[in-house]
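Chain by chain, the residues run as shown.
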Amino acid sequence: AAHQSLLSKVKFEAENGAILVTASYDKTVKLWSGSDFSLLSVLRGHESRVMGADIGPRQTDQVVSVSYDRTIKVWKMKGQQQRHEEEATNTQNGSVIATSDVVMGDV
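Structure report, in brief. (Residues numbered from 1 in each chain as written. Predicted model: local features only at pLDDT ≥ 70, side-chain atom pairs only at ≥ 80, totals over all residues. Heavy atoms only, no water.)

## Things to note about a nonpolar patch on the surface
On the surface, Val64, Val66 and Ile72 cluster together to form a nonpolar patch covering roughly 190 Å² of accessible area. Tracing the sequence through the fold places Ile72 in strand 7 (residues 71-77). Exposure remark for Ile72: the relative accessible area of 37% places this residue in the partly exposed category. (Patch = residues over 30% accessible without salt bridge, like charges linked within 9 Å, V, L, I, M, F, W, Y side chains within 5 Å. Areas by Shrake-Rupley, 256 points an atom, 1.4 Å probe, with all protein chains shown as cover. Salt bridge = Lys/Arg side-chain N within 4 Å of Asp/Glu carboxyl O. Helix = DSSP H or I, 4+ residues; strand = E, 2+ residues; numbered from the N terminus. Buried < 20%, exposed > 50% of the residue type's maximum accessible area, 1.4 Å probe, protein only.)

## Let's talk about the packing of aromatic side chains
The full count for this structure, using the stated rule, is 1 aromatic pair. Note that Arg49 overlies the ring of Tyr25, its terminal NZ or CZ placed 4.8 Å from the centroid. The side chain of Arg49 reaches across the aromatic face of Tyr68, ending 4.1 Å from its centre. (Phe/Tyr/Trp six-rings, centres within 6.5 Å; stacked < 30°, edge-to-face > 60°. Lys NZ or Arg CZ within 6 Å of the ring centre and 35° of its normal.)

## Details of the pairing of strand 6 (residues 62-67)
Successive residues of a regular strand alternate their side chains across the two faces of the sheet. Here strand 5 (residues 50-55) runs beside strand 6; their pairing, made up of 5 bridges, is antiparallel. Of the residues in strand 6, the one forming a bridge with Ile55 is Val63. The pairing of strand 6 with strand 7 spans 5 bridges and is classified as antiparallel. Its bridge partner being in strand 7, Ser65 is matched across the sheet by Lys73. Adjacent in sequence and paired antiparallel, strand 6 and strand 7 are bridged by 3 residues, among which Arg70 carries a positive phi angle near 70 degrees. (Pairing = 2+ DSSP bridges.)

Structure (structure tokens):
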């Protein structure tokens with residue numbers, strides 16, 4: 001369940017520390033239980049190392065990640081399984097923002 005490469009970010013969710021988010025050079029973001037550190041979910045979709053990730057300050061059902069692949073991804077968490085339905089939208093400067101539905105549970 002551990003990352004396969006260096007960690008670039010480790011952060012507890014600010015509201016109550018219930019979720020720990022980690023970003024890695026292995027191109028993934030992982031969500032962990034803040035109480036027992038069990039793995040809750042793996043967010044895959046970046047094509048290069050992930051340099052940062054954070055949980056939304058007001059919408060704690062969202063995780064945002066940024067990568068050397070020049071993308072920012074916004075992940076929504078809901079349900080009991082992990083899905084990878086990505087919708088990419090080009091912005092004015094040519095970068096891509098993608099959204100994915102991610103479900104806590106099966107990893």
